[in-house]
Every structure is written in structure tokens, then in C-alpha cells.
Amino acid sequence: MYETGRDGEVYEPPRGLREVIPNQTGYTKFKEFTVPTGGVLSTLQDIKLPDTAGGYVYANPDNSPTLSNRTLFWRTMGDTLELSEVSLNFNLVGNKVLYRFQDSPLLDGVSVHESWGHVIILVPTVTSVHRLAFPHPSRLEKSGISRMGETGLMSILSEASVGTAREYEYLINFPASSPLPHLAASYYTPDEESVFVLGNSQGQLTCVKMGQVRGMTSINQLASPSNYLGRVWTSLTRASEARDQPQSFVLVPVDGQLMLVAVCRDHKVRVWNISSGDCIHATDLVQFLAEASREMVQGTQPHKIATVQQEKSEEVVLCVFLCFQQHSQFLNLGLSYRAGQLDVQARGTLYCPEYDLVGFSPTARGISAVWTTSDGETVVRRSMHGGARGWENVSLVESDPGLEELDGEDVDPRQLYLGALFSPGMFRAATLARTVGIFRRNLENNTLDESTSWEQLKQEVVMAVEAEIQISLTDYEVTDEDYLSISRAAWSRFYSCAAQYRAAGSQPMGLVTSMAENTILIVRRDIITWCRPVEALEQVVISGMTGITTEVFSDVPPLSDEPSLAADVLNLLLAVGKVGRLLPASSSKTFQEAIHRQQSPDLVSRNLAADLLADQDMPYALEQILSRVKQVQDLTRAMEVVLYCLELDSGSVSRGELDLGRIETDEPSPKVFSSDLGTSLVAESLRQQVESRLGLAQQLLVLQHVLLDCSASVLDSLQSTFLPRTTVMVHCYNVLAWLAQVPVSKPPRSAEESRICQLAVLRLQDKDSGISYETVHSNTSLLELFLNGPGRVVRRAVGECRGEDCWTRALPPITNMTAQLLWPRCASPTFLNFLLRSSQHQIVQNYCRMLSTWCEWHPYARQFLLGTAFLNMGEEEKALDLFISAAGGIPQDGFLTDDLLDLQGSNTDDLSVQYFIKVVSLLEQFPCPDLVITLIDTARAVCPQDHKDRATLSYILFSYHLKLGHNKDAYAAMMSNPDRSRRKDSLRQFLVTLFDRGELTELASYPYTDMIDEVESIIESRARSADLSVNNYYDFLYSFHVSKENFRKAAQVMYECGSRLGLELCNLDGLKKQVQSYLSCLNCLYLVNKKYQWLIKPCPTITSPKRSHDGSEKSVDLEREGMEVVELDDIKKELVLSQARLKLTLTAGASQGNLPASPGLTPSETVGFLSTANLYLSAVQICTEFSLPLCGVVEALASKAVRLSNAKPQEKAAAWQWLAENRIGGVDIQGDCAVTATWNILKHLVTTKEKPGETLLHRVTVMRLFSVGSNLPPWLVVGYKQRDCAELVRLYHSQGNLEAATDLAVEYLEALMGKGGEYFGLEHSLQANKRPMWVPWTVLDRLLMELSENSSTPAYNKCLNRLDGTVDKYLATVDRVSRDMIASKA
């Protein structure tokens, strides 16, 4: 069965061929070589030879996929030879070579031969012959070097070079009197000898034999064709003979001997034996014709001869084209030896159309030929089975796209014409570049070559036309209508010019056929095309419903078995054809525009039918249609069969019976029609089939409405069954036609990365889409992209055609199943999956729009697909509505549930929730958090309370509320989360986020109900792990606990903060925060019961937490850290120390660096720094708190006072800065003298801080003043006299101040005797009734001794006398008082 509307198992050869033009719009890049041949420029100018083309199809006895669908073809243009190798199965690398034979035109005698692992190309020129040897494809395949990726092969031309053409060449030197040859033939013998025969206009035939070994070349002249007397007679009679001049000849082996067979001007065939060079046979061809008795005159074209391709046979068959003035015809001749004599017999004749023959290719199956008409149109016909059935017309593609379809008045001309110019497969890039060059000929920088991208080329086209428009604008200001008119005219001229170039490039040059394949390859000037077999319905359409009989359905089982049913179907189709001829030419466009406006085709067909019925110009047309319909015996069944053949719903792929993805074949990846060229050919074939069926369906729909108005007998069945089905079918085919020609755009890299991320979040990245944009450009159709991607499964299902014609065994099922995959009502989700992964969002929108009003199959899957397209196009709100609407298709829409999203679940709730989670993940890839919230609210509304994923939905909702700053909503979503662990995670995120935003007041205002402990734990953890320089977690905890009236915890937090600040943040800010922390801690502890005014402080261990003292690893039971109780006084001490360090840092930081702020300073060290910084009162405070002696402070202050007394005025003025920091009692310093203020501070410290009964501070002050040579201030002496006069005398004595010591000793003795005792702190004098008085006799004795030793000094002698007198007086007094005391006791 051969019917692409249904799946068939057997495909018989069809009756007709239709031309297919694959997409060849890209730049063609040739490797160019120049071959010197000895020719001169005048040779090229003098001789004009026609451009020719030909091709060769490889023999494939082993049915190798690498040789199947592979052709080597050539073009000769002047002195240029273009060699190209194409394959429809593999992408060939390095497959185009251009040889320029310098100043030597090529002759029409190029031939290709296969021999011993090589492909031999024989090339004759007017001055030379060449043998080009390339490796055979099978040889490359066996060597393993031909594979270039999965679908790539190395071409045999990939290693071509100039040496390839020069390695085996022979330069021919013709006599100057002899004209140059204009005919040639070549042959490669089994002995590897290359034979060339060249003929000139005088009939001279030159034979060149090129041996296997380089340099073994012979050249000789063949004998005269008119007799057998040899070469001498030939030279004498050549000039007088003209009618025996060969017009075409070929070299063929006959019975093991190589023969030259020529057809001459006198309509005779002559045969030369190449070995002997003699003409051995001549036969008049007119005798074999029906016009044998008439005199035949040569026509406008020369006769031509070609060898008929056939299987191995003893008889050589030649095909001769005879052109007479009366007519032209083909004549087949058989050559064979009979009884030792060469015999020529006619094997059949076939008359030709009266056109100009371009080329023909005869095979044993028939003749294929190409002509051009006087109008320049191309005609291709073939005759099968020896011409018994005459010529069969081959349907060709119109070379001129025309301008009648580009007349949209309401469309921007730029948009309209750009769409037509860059339509997939329409115009070659070189054609558009050439047209741009014509329009911009005045511009210098017009460099458009193969490196120019399609986007750049489109910009150049726009700039060229815009420049033309600006030239046409004569006025400064024009109306919109005038501008549109000028713009439309400029774009029309550009399009017309490009169309002319396209038509010129589409002129045929030759054709290639093969015995093994039912196809024709047409070599045109710029492109190549194939003629493919057509199906029965397509044959009916392209034939114009003329000349069709029921034999067209001979291979369609439903019709071949029932001739009456076949006749009914044929009559119905003929009636449809009559309707089509009556419809206006714009009817197809009317349907297309109506469907684009989302109108039903039923309305359009009803209007068209009404116009037909009301048309009075053709009164008999309606009667002809109805009479043809009346010939249908069973209209209902005939209509059913036609719809059955047109609809693709009944195919196994459409019904889902055949899963293409699970088909296992011997070949892991079949290559039939897998190259870029083959894929484009399949796409174009499918487009042609779809357009034919769409037109047939539209005409059938109009016919049904005509029958509704004219025939009441079929009213019910038409209205209820056939009309709705046909309407839907028109919709479906319109969608397929649009998909086959809509161009794709290559997504940018960012879009491709976004697509990968989206598939990853949907968990669909494991499904290989197979989409590759490496070779995609703006001139690629969506259908080609699909065939290069997921559509490859069709080739896997079809498999390789080993030993069979892939054009009849593979191409029909490939196009059939591909159409079923694209069919809107297909049960396979392959195409929707492809759209989801294709990044063609604009195409997806248009596709879903086209199906929205009528297609009821999988609407929810399309809604999801459309939603993803809107999402990527920046219309998130529309996407959200579609996503929510698509959720209604779960689980009944299997495409959405199982195929697009691969949802897993045991019930509807599970599937729905999983769907929403995937969509949320998809939306998260885009900046639309508000839409995510809306979607989550919808999902939570449908999600049961006890569902396992409700916690996930709540967490996502919380996250996005928090991200948008909806704190209250985020808190509500967090608290509503049923999973406590997720709630704790949310709480941590909630706390940290609000901390970072600084919204601490709001954070502390939430109740947190049963999560108070988690709040404290999380914030404490964050506080201990966060950087203290930006850490406000402790402050929040403090305020949080204070607000909860938990003052002890607040104190604990601030104490921990202060301790860490002292260790980790060793700078001024750290000290300030530390002081504040300790103050806050103390404040909180004062609010606590005295019983609980203490805190717990962990004691760090001194040992390693991982190893013991000896270095060995510890066991699992680690040592626990100790705990230390910190009381209120301890905290006060730390506060004082911190305050002192802070003051020290503020005042002396510049001079001391960072040392005062370092945490390792002891109180003693701090006192020293404070004293050095002149902060004496702060130092005193530290000493008081930590029970440290004040000696160092007093000494430092005494030294400072002495230095300041002797300082300069500037220094004294500067002293007020540090004096301000040492205000006693916090009051301002009295007086205006810095020296006096300093001595007052010293006096205050010594007098107030000296403990009762001690003289330490007085002694160190005196010692310091003595050490700096300063006099003792009176207050110091007075105070010292009252505390310990003897010690002061000793100090005077030790410093060598004997006079002061003597005076003080005398005063003291006199005070004991009752004179001035109040100055020494004596309660009474020496009296009998009082306690005894103490005298420091040791001090006095040492003083007296020192004075005695220095009595020679008058002053000291005077002091000695004075002290001795006083001592004597005191002793007398003591004697008297003692006696009185004894007397009184007695």
C-alpha cells in the first residue's frame, strides 16, 4: 500500500514524481585550485562552449549506508570545473572543489568511474586531458578515517589539491591550422587506461590514451568516418566532407573492445574501433524511424547520444536524441557482434516535446530528460518501461516566486517583504548579497561573503532598501500614504531583482538518474534538486485532476479490491477538482487569513460555496459538478474513504499504538535521510504533501457546502459527520503547513542557559531533547529543527533500506510518521516535548493560539506550554494565569501529567501538589516573587492539611513573603508550618533576615508562642558566631529579655558580650561597646534580688580538645569545661578596668598605639599606662578596686609636679588638657595656675589616700621630691610631722640635709617638752601623770654623730651645739619628770 495518510506496510513505486528543493540557502564555499594547461587567453575568448553538468551515482552492491543516497556531480562553466559530492544520509566534509583550468575551456566529456578503491574522474579540455584520482568512499570507510562525528563523513574530495589534477595530465599541441576540439568523450578501461577522444568542427577525431603509469601517454588520429582507406585518405578527403561530422559520441566497450560510437550530421551512427583507429561501421538511423521514406532535415539542435544504464548484458544499448525540423525523438539502439560483424538494431523510439533539450539520462527503466521552453520555463519528463506509456510529466517547483502574494495593504512593507525574502529555503544568501550589491553599487564597503551571518545580511538588505527609499523621497515632508507607497515600490523592486537572480540560478544544466533509485537529480546552475515519488492523492492534486483513472488507486487496498468504490472516489475527487478550478486563485489565502483571525473554515467555505452558486458567468459549471457527484453510487462511503485517506488520526503513531521511542533496531542510529540536506529534503517533501492535502481538504469543504444547498439526500450525514470532520481536518493541515515553513531563531547563549536551568528545576534534564542549534540560522524552518532533533526517532523506526529504493521504501513512511507526530490530535507527546525544549517562545505562542479555538485534545498541556513561553517572554502575569488554569488538567491530561512534567504520585492530591511545586521552581528562575506567592496560596488552598508537602509549600510561601518584606505574612506562614523542623529553619531565617534589615523593634514585637526557647537559642548561636564589629544580636537579646523582665538573662547576655569584646574586638569601638555592655549588665543585676546577683562564666580548658597532655588522642568522652561564678564586685572591677582602658585609649592612644586597647593588660600594667598618660585619678581608682599600692601613681604625679614647676609657659598651658581629666570629685579645678593645680592633686592623693598609721605615700613622695632635687611642700612636711616625725628626720638625714634634720629634731624634742606638740600630733607633753613619750634616739644618735664628724663646718657646729643643748634639756626634763612620777607613786 502506498498512502501517506495511513500507515502502510508495503510501498509500491508510485506513478509520478515531484521536484523537491532542499534548503541550500547558505553560502557555498569551494576549495579553489588553478591548473595551468598551456592555453592562452585568446583560446578562452575564441571558443565558446556550452555550460554542462552531469553526475554519477555510486554502485552499492553491499548496500552500504555510506554509499546510499550519495552522488558525485559536476558543472563545467568556461574553464571552470565544479566538483561536488552530496549525500542525503551523511554530512560530507570538504565536499566542494573548484578547478580552474587556466585559459582552457572544458569539453562536454567529463566521466566518473570506480576502480580498485578509487574514484576516477576524467576531464577533457580543449588543450589538455586530466585524470583525477580520489579514494573510494568504501575505502575510506574501511580505513576508519571517514567518520566525522555521528552524522559526518569525510568526502572523497576533502584531500583534493592542485596536484590531483596535474599528477596525470597530458597537454595537447594541436596544429595551428586545425581548429580546436569542441566535442569529447572519455572512458576508463578495466586495465586502468584512460581513453579520451576529442573532435573538432572539421570532423577530426583525436584519441589520447593515458596509461596506468605516469608518462605512458599515446595520441593518434582516428580514420575518416566516410570510408575504410586509412588515415592517408582521411587527410585528403576531410575538407570536402561535412555531413559526416560527428555531433555527439560516446566510448563503450563492445564484446571486450572499446568502441567510439558517434551520431553524425547526416543522421548516421558511425563506430570506430579505438584499438585500430578505423571506422568499422556506419548505419543510417532514419531507417529505424516511422519517417524512413521521408527526407529528414537537421533541426536547430544537434543530435546527441548517450549510453543506457543497465544491468550487465551482452548487448550495449545506446540512446540517440535525433533533432529534425519536423520533430525530435529518442531512438534506442542495441550494439552487438553477430557472426563477427558489428550489428546495430533499433530497440524503440519515443517522440519528444518540441522544446530545447538540456540533457537526458537513459536507463533500462526509461528515459528522463529536461528541456527549456521558449519562455525559459523548465520541463522535466520521464518515460518508463521503454516508452510504452509515453511521457510522464514531472511536477516542478516554480522558479519565480512572484509578487502577487505580497499585496498586503494593511501590512508594513518592510515586514512583509523581509518575511518573504528570508523565508526558509526561498532565497540563497549569495542571491540576496548580489541584489544588495546592485542596490548599493555606489557604496565602497560592500563586503558580503560566507562569513556574513543571516542577521547581518538582513541588516544589509534593510539598509539598501532604506537608502533607495531616501533617494526616492523628493520632498522634505511626505504623508504617511506617500511614504508607504514609495516604501512598497522600493521593496517590490528589490524583491523583483532577487527573484530574477533566483530564476537565473534555477536554470537546469543536466540531470542524474540511477537504476537503483526511483528519483531524478536535477543539476541547476546554483542548486540541485531531487524529484521524489508521490502518493496517490498527491498525484491526483498535482495532475490537476486531468488524465487520472482508477489505476491511480491500484496500490491502495481499500480501493484496489473494489473497482466500484475506486470509481466513486475518483468521481468525487474529480468533482472536488472542478470546485477547485472554479474557486478564485485567492481562496487559499482567504482560508489562511480567516484561520489566522481565528474564524472557522466552515464559514469561509460556506461563503465561497454561496459565491459559486450565485455566479452567473459559468452557468454550466455547477451542473458539471453535480453531474460528476451523481456518478458516485455511494456518496457516503466515498466521502468516508477520502476523509480516511486525508486524516492522520488513524495512523499507528497518532493512535499511540506505535511508540517510536521504544523501537529497537539493528542499527543504533539509522542514517537514511539524516544529513542536513536529507533532513531538509524530508521537511520540504512533507511541506509539499501538507499543502496538497490542505488544498484538497479546503476544496472538499466547499463541495460539501455546495451539496448541502443542492442535494437534500445527503444533508444529515454531511452536517452531522463529514462537515465537522472536514472542518477540523482543514484546521489540522493549516497548522502543519504553518509548522513546515515558520522560521526559527537561534536563541542567544543566555536563553540556552536559562532553558537548561528551567529543565533542571522541572527535573527534565535527563530527557535528551536532541536539539542542536549549531547549524541553525534564521533561514531554518521549525520542521527542520524538529527533524534534526526528536524527529530522528522516525528514522530509527523506519531503519535502513538495505538493497531497496529508499525513495519508495523510506521517504514515504518517514514523512508519514513525522506528519503524525506533528498532527494536533496525535497521541505521542514528542512534538510538545520538543516545543518545551526548543526555546522558540514566539512560535509556541502562535502554535497554541492556532489551536485554542477548536482543538480539544490536551488543552491543559498546551496551556502549560504557553505559560512557559509567556514566562520567557517577560509576561509573567499571563503565565501565572495559564499555569493555574493548567492545574485543572491533572491527572486527566496525560501529556501534562506524565510526559511534559513526569509527575509521580498515588492520587490526585499528590500529583496536583507536585505540579505546583514544579511550577513554583520554574517561577523562581524569574524575578517575580509576588507571582510565586499567588501560586503558593492557590496550591495551599487545594493541598490537604495532612499532606506531606504542605510544609514545603508553607516554607516557600514564608521565604517569598520574607524576601518581599511582608514580615507579618512571613511570620504567619512560618507559624502555620506543620513541620516543626521546617518551622525552626524558617525561624532562623526570619530572625537573621530581620536582623540584617535592622528591623529589631518589629522582631521583638512578635509573641513566638511556643518557640521562645528556639528564638533565644538561635540568636545566641548567631551572636556567638557572628562578627562582633557588626553584631547586634547581643543588643537584641538584651532588649528582648528586658522586655520579658528576665533581667538576669539580660545581664548574662551583656556580660558575655563584654567579655567577647575584650578578647576579639581590640579597638576603640570595642572598648566603648565593652564598657556599655558591663554597665548594662550591672544595671540588670541591680534589679535582681541580691541572692541572685551573680552569673555563670564558662572556664576554658587549657588542654587540647582532641589530645591529652602527652599528645595521644583522647577517647570519646571529652573533658567538660569548668564553670566560674562571677559576682557583682567582679563585674564592677572589669567595668572599671575597661573604663580606664577606654579613657587611656581616648587620651593616649596616638602615642601608645593599640597597646592600651589590647585585652592582655593586667591592672598593674594599666595603672602604669594611666600614670604615664597623666590620668592619675583613674589610676588611683584601679588601685583602689584591685587593692594595688598607690606608690607608683604618687611618684609619677610628684615628678610631674616638679617638672611642671620648672617648665616653660607653653608646657604649663598645655597641662590643662590632662588636668581636666583629673578633676577631684568631678568639680572644676580651682585657680588659674597649672602648677598649683598639680600640687593640689598630689596633696589630695597623699593626704586622702594615706591610710591611718602609715606613711607610705608621704615617704615615696618625699623620696621622689628629694630624688629630683625639689623642696618639700609645707603641707607634706606638716603631714609627715604629724604621722612619723622620726621617719622624716631619718629621710632628711639620709639625703644629707643635716640642718633640716637638726631643726626637725629640735622641734620634736621641744614639742615633747610641751612646746608646739599639736604640730606633731601629740596628745600631751612629757608629764608625770601621762603616758611616757617616745624619742627616736637611734635617729638622734646618728644625727649627732654626723654633726660631730662635720663640726668643723660652722653651720654644722652650730647645729650640733643646738641639738646637744636641746637633748640635754630634754634629758633634764626627763629626769625631773621621772622623779616626780616616782614621787607621786610613792
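These lines cover the structure that appears in this document, whether it is placed above or below.

Right, let's get into the packing of aromatic side chains. Think of a pair of aromatic rings as described by two things: how far the centres are apart, and how the planes are tilted against each other in angle. Across all of its chains, the model carries 35 aromatic pairs by this definition. Between Tyr733 and Trp823 the ring centres are 5.1 Å apart and the planes differ by 70 degrees, which places this aromatic pair in the edge-to-face class. In this pair, Tyr733 is assigned in helix α18 (residues 715-741) and Trp823 in the loop between α23 (811-822) and α24 (830-837), connecting sequence segments 90 residues apart. Just as Tyr733 is buried, Trp823 falls in that class too. Plain terms: the ring middles of Phe990 and Tyr1006 are 5.6 Å apart, the flat faces sit at 65 degrees to each other, and that makes the pair edge-to-face. On the criterion of sequence distance, the pair formed by Phe990 in helix α33 (residues 980-997) and Tyr1006 in the loop between α34 (1000-1005) and α35 (1012-1025) is long-range, its members being 16 residues apart. In this structure an aromatic cluster arises from ring pairing among Tyr955, Phe958, Tyr971, Phe990, Tyr1006 and Tyr1008. Sitting over the face of the ring of Tyr955, Arg982 holds its NZ or CZ atom 4.9 Å from the ring centroid. Its guanidinium or amino end placed over the ring of Trp1094, Arg1048 lies 4.1 Å from that ring's centre, counting from NZ or CZ.

Before going further, it helps to spend a moment on the packing of helix α6 (residues 429-439) against helix α7 (residues 454-472). Two numbers describe how α6 lies on α7: the axes approach to 10 Å, and their chain directions differ by 30 degrees. Here α7 runs roughly parallel to α6, going by the angle between their axes. At the point where α6 passes α7, the crossing takes the left-handed sense. When α6 is examined against α7, the residues Ala429, Leu432, Ala433, Val436 and Phe439 are found in contact with a partner set consisting of Trp454, Leu457, Glu460, Val461, Ala464 and Glu468. When grouped by side-chain class, the residues that make up the contact of α6 with α7 number nine nonpolar, no polar and two charged.

Here we come to empty space enclosed by the protein. Taken as a whole and assessed by the stated rule, the structure comprises 11 cavities of 30 Å³ or more. Put simply, the largest cavity is a space of about 140 Å³. If you go around the largest cavity, you meet 14 residues; those closest to its centre are Met426, Arg428, Arg502, Ser506 and Ile527. Counted by class, the lining of the largest cavity contains five nonpolar, six polar and three charged residues.

With that settled, the discussion passes to the pattern of salt bridges. Overall, the coordinates contain 37 salt bridges when judged by the stated rule. Between Glu1064 and Arg1060 there is a salt bridge, and its shortest N-O distance comes to 2.9 Å. Highlighted residues: Glu1064 and Arg1060, both in helix α37 (residues 1047-1064), separated by four residues, approximately one helical turn. Residue classification places Glu1064 among the partly exposed positions, given a relative accessible area of 48%. Across the pair Glu1307 and Lys1281 runs a salt bridge whose closest N-O atoms are separated by 3.4 Å. Of the two residues, Glu1307 is situated in helix α47 (residues 1298-1312) and Lys1281 in helix α46 (residues 1274-1294); the sequence distance between them amounts to 26 residues. Residues joined in a network through salt bridges with shared partners are Arg980, Arg983, Asp1010 and Glu1014.

Ordered in space as β8-β9-β10-β12, the four strands form an open sheet in which the pairing is antiparallel. Taken across any chain shown, the strands that pair with only one partner, and hence form the sheet edges, are β8 (111-115) and β12 (168-171). Between one strand axis and the next, the sheet turns through 15 degrees on average, direction left out of account. In the sheet, β8 pairs with strand β9 (residues 118-124) via five bridges, with the strands oriented antiparallel. Opposite Val112, over in β9, you have Ile121 as the bridge partner.

Another aspect to go through is the side chain of Asn1222. Considering the arrangement of structural elements, one finds Asn1222 in the loop between α43 (1209-1219) and α44 (1234-1249). On the basis of relative accessibility, which here comes to 0%, the residue Asn1222 falls in the buried class. Excluding residues within four positions of it along the chain, Asn1222 makes contact with Asn1174, Leu1175, Tyr1176, Leu1177 and Ile1241.

Calculation notes
- For every chain, the first residue of its written sequence is number 1, and the numbers climb from 1 along that sequence.
- Local features in a predicted model are, by the rule used here, given only for residues with pLDDT of at least 70; side-chain atom pairs are given and counted only at 80 or more, and totals for whole chains, interfaces and linings are based on all residues.
- Values reported for side chains reflect all heavy atoms of the structure, with hydrogen atoms and water molecules removed beforehand.
- Working definition: rings of Phe, Tyr and Trp (its six-membered ring) pair if their centres are within 6.5 Å, and the pair is stacked with planes under 30 degrees apart, edge-to-face with planes over 60 apart, and tilted otherwise.
- By definition, any uninterrupted DSSP run of H or I lasting at least four residues is a helix, any uninterrupted run of E lasting at least two residues is a strand, and each is numbered from the N terminus.
- We call a residue buried when its accessible area falls under 20% of the maximum for its residue type, exposed when it is over 50%, and partly exposed in between, using a 1.4 Å probe and counting protein chains only.
- Two conditions define a charge located above a ring, namely a distance within 6 Å from the ring centre to NZ of Lys or CZ of Arg, and an angle within 35 degrees of the ring normal.
- Interaxial angle, 0 to 180 degrees, is taken between N-to-C directions of lines fitted to C-alpha atoms, where a helix line uses only the stretch in contact.
- Should an angle fall under 35 degrees it is taken as roughly parallel, and over 145 as roughly antiparallel, whereas 65 to 115 is taken as roughly perpendicular and any remaining angle as oblique.
- Handedness of a crossing follows from how the near helix is turned relative to the far one, being left-handed for an anticlockwise turn of less than a right angle and right-handed for a clockwise one.
- Contacts are residue-level and defined by heavy atoms, with any inter-residue pair within 4.5 Å sufficient.
- Only Asp, Glu, Lys and Arg are considered charged, only Ala, Val, Leu, Ile, Met, Phe, Trp, Tyr, Cys and Pro nonpolar, and every remaining residue, Gly among them, polar.
- Every definition here rests on a 1 Å grid over the protein atoms only: cavities are sets of points where a 1.4 Å probe fits but cannot get out, pockets are open sets enclosed by protein on both sides within 12 Å along at least five of seven lines, and lining residues have some atom within 4 Å of a point.
- Grid points are joined across faces, edges and corners, and a volume is the space filled by probe spheres set on the points.
- A side-chain nitrogen of Lys or Arg and a carboxyl oxygen of Asp or Glu constitute a salt bridge if their distance falls within 4 Å.
- A pair of strands is labelled paired if DSSP reports no fewer than 2 bridges between them.

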